[in-house]
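Commentary on secondary and tertiary structure
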Amino acid sequence: MPNYNLHHLGQKTPYIDKYDPTLLEAFANPHPNLDIFTRLVSAEFTSLCPITAQPDFATIYINYIAGAKMVESKSLKLYLFSFRNEGMFGEDCVGKILNDLVALLEPKYLEVLAKFTKRGSLAIEPFTNYAIPDYGDLKRQRLMKY
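Note that the structure is a prediction, hence the values are computed from the model and not measured. (Residues numbered from 1 in each chain as written. Predicted model: local features only at pLDDT ≥ 70, side-chain atom pairs only at ≥ 80, totals over all residues. Heavy atoms only, no water.)

1. Remarks on the nonpolar core
Formally: For this analysis, a nonpolar core means a set of buried residues of the types Ala, Val, Leu, Ile, Met, Phe, Trp, Tyr and Cys, connected via side-chain atoms within 4.5 Å. Think of it in three bands: residues with accessible area under 20% of the maximum for their type are buried, residues over 50% are exposed, and the middle band is partly exposed, with areas taken using a 1.4 Å probe on protein chains only. Here a helix means four or more residues in a row that DSSP labels H or I, a strand means two or more in a row labelled E, and each is numbered from the N terminus. Note on contacts: a residue pair is in contact if any heavy atoms of the two residues lie within 4.5 Å.
Among the nonpolar cores identified, the biggest contains 28 residues, and Phe-45, Ile-97 and Leu-101 are the most heavily contacted of them. Those elements that place two or more of their residues in this core are strand 3 (55-65), strand 4 (69-71), helix 1 (73-81), helix 2 (90-105) and strand 5 (109-116). Here this core takes 8 residues from helix 2, the largest share from any one element. Ignoring sequence-local partners within four residues, the contact set of Phe-45 consists of Asp-56, Phe-57, Ala-58, Ile-60, Leu-80, Phe-83, Cys-93, Ile-97 and Phe-116. Membership of the second largest hydrophobic core comes to 7 residues, among which are Ile-65, Tyr-109, Leu-113 and Ala-131.

Dropping the structure here:
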């Protein structure tokens, strides 16, 4: 069995509730030559409104085409949980998630969509994406969809 050098998987889970990108872990992509479009969905994302400190709830959709590395799912869960007591707007959350995953994974393509629960009859759904130059057309197409 390969040694993935992962620290969270299979261990007792300490939940960190302050934003911490160091919780993210990656492992080698077993098929870097393939364009496998992976979707990760977290329906239990929470952060705090930076003005009112009221909780904001969202479903986070992360889609990516891996390069040499893939994100380990338990570390992603812990990372997303770390936003729980952070005061930041939804757009900031989405930007941080994208930037942190791009820094960790160096993917071919990555996008993040957050569908925040309506508050005051208004739903906020920020979207952002990233692509290496060879995937620039995909980036533009997906961005225009939103």
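2. Focus on helix 1
For clarity, the cut-off: N or O atoms within 3.5 Å of each other form a polar contact, as long as, within protein, one can give a hydrogen and the other can take it, and as long as residues adjacent in sequence are counted only when both atoms are side-chain atoms.
Listed as buried for helix 1 are Lys-74, Ser-75, Leu-76, Leu-78, Tyr-79 and Leu-80. Looking at the buried side of helix 1, the elements it contacts are strand 2 (37-48), strand 3, strand 4 and helix 2. The N-cap residue of helix 1 is Glu-72: its side-chain oxygen and the backbone nitrogen of Lys-74 are 3.0 Å apart.

3. Let's talk about the UniProt feature "binding site: substrate" (unreviewed entry) in the chain
This is how it is decided: UniProt positions are given in the numbering used here, feature names are shortened, and annotations may be inferred rather than shown by experiment.
UniProt marks Val-71, Glu-72 and Ser-73 with the feature "binding site: substrate" (unreviewed entry), using the numbering shown here. Mapped onto the fold, Val-71 is located in strand 4. Looking at where Ser-73 falls in the secondary structure, it is placed in helix 1.

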